[in-house]
Amino acid sequence: MRKSFYHFLMKYRHPAPKDAISRFANDAYVDHSFPKTSTDYSELSSYLELNGPYLESMAVFDDAWDLYIND
């Protein structure tokens, strides 16, 4: 079974984020409503478009998603 996107993203958490994906990971960590068990691009994308003001651009999510798919 594939791990969730959230679980994958958490490996990019960093106390002093150096890039947009690390900032995204840190912000998703403190977002208690983030869909933590999802593996579905559409569900995550919709959630972030409506509830992810911390995400500087959806391109950051797309980049992280590409890393997730290729992992």
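Below, the structure is looked at part by part. Everything quoted here is computed from the prediction, not taken from an experiment. (Residues numbered from 1 in each chain as written. Predicted model: local features only at pLDDT ≥ 70, side-chain atom pairs only at ≥ 80, totals over all residues. Heavy atoms only, no water.)

**Quick look at the packing of helix α2 (residues 20-30) against helix α4 (residues 58-70)**
At a closest axis distance of 10 Å, the pairing of α2 and α4 adopts a crossing angle of 90°. Relative to α4, the element α2 lies roughly perpendicular. For the pair α2 and α4, the contacting residues are A20, I21 and F24 in the first and V60, F61, D63, A64 and L67 in the second. Partitioning the contact of α2 with α4 into residue classes produces seven nonpolar, no polar and one charged. (Axes fitted to C-alpha atoms, helices over the stretch in contact; angles between N-to-C directions. Helix = DSSP H or I, 4+ residues; strand = E, 2+ residues; numbered from the N terminus. Parallel < 35°, antiparallel > 145°, perpendicular 65-115°, else oblique. Contact = heavy atoms within 4.5 Å. Nonpolar A, V, L, I, M, F, W, Y, C, P; charged D, E, K, R; others polar.)

**Let's talk about the side chain of S38**
Along the polypeptide, S38 turns up in the loop between α2 and α3 (41-51). Judged by its relative accessible area of 5%, S38 is buried. A polar contact is formed between the side chain of S38 and the backbone nitrogen of D40, at a distance of 3.1 Å. Among all residues touching S38, those that are not within four sequence positions of it are S4, F5, E43 and L44. (Buried < 20%, exposed > 50% of the residue type's maximum accessible area, 1.4 Å probe, protein only. Polar contact = N/O pair within 3.5 Å; in protein donor to acceptor, adjacent residues only side chain to side chain.)

**Topic: the environment of Y47**
Within the secondary structure, Y47 is located in helix α3. The exposure class of Y47 is buried, given its relative accessible area of 13%. A sequence separation of 39 residues divides Y47 from F8, and the C-alpha atoms of the two residues are 17 Å apart. Once you skip the residues sitting within four places of it in the chain, Y47 turns out to touch D31, S33, F34, P35, G52 and Y54.

**Quick word on the nonpolar core**
Residues F5, L9, F24, F34, L48 and F61 are the most contacted members of the largest nonpolar core, which totals 19 residues. Sorting the residues of this core by element identifies α1 (5-9), α2, α3 and α4 as the ones contributing at least two each. Residues in contact with F5, not counting those within four places in the same chain, are F24, F34, S38, L44, F61, A64, W65 and Y68. (Core = buried A, V, L, I, M, F, W, Y, C linked by side-chain atoms within 4.5 Å.)

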